[in-house]
Amino acid sequence: MTVDRASFVPLHAQLKNLLQRRIMAGEWAAEQPIPSEPALCERYGVSRITVRRALSDLEAEGFLRRERGRGTFVAASRPTRGPTLGLVFGGLTERTFGHRNDAAFGDMVCGAAEAASAQGAVVYPMPVGDGDLATMLASPTVIRLTGLLVHLTRRFDEDILRQLDATGVPYVVIKRRLPVGRASCVYADDVSGADTATHHLLSLGHTRIGMLPGPPQVGVWTDRLEGYRGALRRAGVRYDPRLVREVRFPMDEGGYEGASVLLDSKRPPTAIFAGNDYIALGVYRAIRERSLEPGRDVAVVGYGANHFALTMYPALTTVGTPPWKLGNAAAALVLDLISGRVPAPAHRVLPWQFEIRQSTVWDPAVWAPSSVPELV
């Protein structure tokens, strides 16, 4: 671990975070002296002033104790006030999801807070606007955090990951599968989830199954499309690109438009797999505008396991990992990274749950529970 002179984060803040991580990981035990100032200067290639500012910050937070004539010693492996985690989030607006943007994010915050409080940590939600990520990450507030949880409705490219790396703060990305060995993340297995949802429709006799992925900026559709295509391939059903329509923001309106195109085609699908539950809201509307009924005339599957899916009529069949579990697992992982219990980068894959309801099985008597797995 080294400091990055090209980073927007001040050198003393980077060094402080690096030394703090070594302390919390147990490399220097309580009451053990840390290397001298000249040794730290040589090790990290920084000036003595930079080292002294970093050590002063660590002393103020209770990590170090300096004794005149003797040196600097580890006072504690944990900050006196407990770890502070920032939950950076953005894009969770009506412009993105539509008018039914319910309590899913609140559930994620609650899950993160519960895992954090069990270890004496606190979570601070930190909203970020479009294009403002670099500005937020460069702020003194972020630099003083012990860890970061990141939940953004955008594609995580290398530029975003470099910005997160530059803070020097351990971080976990929520609900995105990142390249192994690149960064830490918590996500659900969307490939197998989408595979199971598609297999469920196939088991009910549907062979023309529409698929409505969302805008590519969100960055979750590749895995869901892979699962959809994999289930078709195993069933011997030819993939038809005309049955796949990418929808726009807001996703409920995009779902309506995409479903309308599919339903008005010469050979409309008998079932539609909505890329998420918000898209399914628009699918329901498009079906009803054609004097048809979701579930009875056109089967619909959503994705996300959102609470509102149960209150839709008919209740929406959906697959996904509850947001509470994603937030809880992400907070637990970042605290493990901070403490050194888990080496970085780390991936945690969460199981999904499959809720079969009337939107695919209008008459429960025609469905055999053994036809698809309920949980993976």
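Everything numeric in this text was worked out from a predicted model, so none of it was measured.

## Looking at the overall build of the protein chain
Along the backbone of the protein chain there are 13 helices and 13 strands. Overall, the C-alpha framework of the protein chain stretches about 85 × 35 × 35 Å when taken along its three principal axes. The buried share among the 376 residues of the protein chain stands at 56%. A separation of at least 24 residues holds for 69% of the contacts in the protein chain among residues at least 6 apart in sequence. On the protein chain, roughly 16,400 Å² of surface is accessible, and the fraction owed to carbon and sulfur atoms is 53%. Of the charged side chains in the protein chain, 43 are positive and 38 negative, and the gap between their average positions amounts to 4 Å.

## What about the sheet that holds strand E10 (residues 299–303)?
Pairing within the open sheet is mixed, and its 5 strands lie in the order E8-E9-E10-E11-E13. In this open sheet, the two strands that pair with only one neighbour each are strand E8 (209–212) and strand E13 (353–355). Across the sheet, the mean angle from the axis of one strand to that of its neighbour is 15°, orientation sign disregarded. Alignment of strand E9 (residues 271–274) against E10, held across 3 bridges, turns out to be parallel. The residue of E10 that forms the bridge with Ile272 is Val300. Those strands touched by helix H9 (residues 190–203) are E8, E9, E10, strand E11 (317–320) and E13, and its axis lies near 170° from that of E10. Here helix H11 (residues 251–263) sits on the sheet in contact with E8 and E9, set at roughly 155° to E8.

## A look at the pattern of salt bridges
Applying the stated criterion across every chain, the model contains 24 salt bridges. Arg66 serves as the salt-bridge partner of Glu59, at 3.2 Å between the closest nitrogen and oxygen. By relative accessible area, which is 33% here, Glu59 ends up partly exposed. The salt bridge involving Arg341 is made with Asp336; its shortest N-O contact spans 2.8 Å.

## With respect to the packing of aromatic side chains
With the rule as written, the count across this model stands at 4 aromatic pairs. Centre to centre, the rings of Phe89 and Phe105 are 4.3 Å apart; their planes meet at 40°, and the pair counts as tilted. Separated by 16 residues along the polypeptide, Phe89 in strand E3 (residues 84–90) and Phe105 in helix H5 (residues 104–117) bring together distant segments of the chain. The class of Phe89 is buried, set by a relative accessible area of 16%. The cationic tip of Arg285 hangs over the ring face of Tyr256; the distance from NZ or CZ to the ring centre is 3.7 Å.

## Looking at the nonpolar core
Among the nonpolar cores identified, the biggest contains 45 residues, and Leu15, Leu19, Leu64, Leu85, Leu149, Val172 and Val186 are the most heavily contacted of them. When contributions to this core are tallied by element, the ones reaching two or more residues are helix H1 (11–24), helix H2 (37–44), helix H3 (48–60), E3, H5, strand E6 (171–174) and helix H13 (323–339). No other element matches H13, which puts 10 residues into this core. With 28 residues, the next largest nonpolar core counts Leu212, Ile279, Ala286 and Val298 among its residues.

## A few points about the environment of His347
Within the fold, His347 resides in strand E12 (residues 347–350). Taking relative accessible area as the criterion, His347 reaches 25% and is therefore assigned partly exposed. Among all residues touching His347, those that are not within four sequence positions of it are Leu178, Pro179, Val180, Ala183, Cys185 and Tyr187. In this structure the side chain of His347 is engaged in a polar contact, spanning 3.3 Å, whose partner is the backbone oxygen of Ala183.

## A look at unusual backbone geometry
A cis amide bond links Phe249 to the next residue, Pro250, at an omega of -20°. Along the chain, Pro250 falls in the loop between helix H10 (221–234) and H11. Between Ala344 and Pro345 the backbone carries a cis peptide bond, its omega angle lying at -5°. With respect to the helices, strands and loops of the structure, Pro345 is situated in the loop between H13 and E12. Positioned with a positive phi, Ser291 is a non-glycine residue whose angle comes to about 60°.

## Focus: the sheet that holds E6
Taken together, the 6 strands give an open sheet; going across it, the order is E4-E3-E5-E6-E7-E12, and neighbouring strands pair in parallel fashion. A strand with exactly one partner marks an edge of an open sheet, and here the two such strands are strand E4 (122–127) and E12. Going from strand to strand, the sheet's axes swing by 20° on average, the running direction of each strand aside. When strand E5 (residues 147–152) meets E6, the two strands line up parallel, connected through 3 bridges.

## Some points on H11
Counted at 1.5 Å a residue, the expected span for H11 with its 13 residues is 18 Å, and the 18 Å between its end C-alpha atoms agrees. Listed as buried for H11 are Met251, Asp252, Gly254, Gly255, Tyr256, Gly258, Ala259, Ser260, Leu262 and Leu263.

## What to know about the side chain of Thr84
Among the secondary structure elements, Thr84 is positioned in strand E3. Here Thr84 falls in the buried class, since its relative accessible area comes to 6%. Among all residues touching Thr84, those that are not within four sequence positions of it are Val122, Tyr124, Arg144, Leu145, Thr146 and Gly147.

Cut-offs applied
- Residues numbered from 1 in each chain as written.
- Predicted model: local features only at pLDDT ≥ 70, side-chain atom pairs only at ≥ 80, totals over all residues.
- Heavy atoms only, no water.
- Helix = DSSP H or I, 4+ residues; strand = E, 2+ residues; numbered from the N terminus.
- Buried < 20%, exposed > 50% of the residue type's maximum accessible area, 1.4 Å probe, protein only.
- Contact = heavy atoms within 4.5 Å.
- Areas by Shrake-Rupley, 256 points an atom, 1.4 Å probe, with all protein chains shown as cover.
- Lys, Arg positive; Asp, Glu negative; His and termini not counted.
- Charge placed at Lys NZ, Arg CZ, Asp CG, Glu CD.
- Pairing = 2+ DSSP bridges.
- Axes fitted to C-alpha atoms, helices over the stretch in contact; angles between N-to-C directions.
- Salt bridge = Lys/Arg side-chain N within 4 Å of Asp/Glu carboxyl O.
- Phe/Tyr/Trp six-rings, centres within 6.5 Å; stacked < 30°, edge-to-face > 60°.
- Lys NZ or Arg CZ within 6 Å of the ring centre and 35° of its normal.
- Core = buried A, V, L, I, M, F, W, Y, C linked by side-chain atoms within 4.5 Å.
- Polar contact = N/O pair within 3.5 Å; in protein donor to acceptor, adjacent residues only side chain to side chain.
- Expected span 1.5 Å × (residues − 1).

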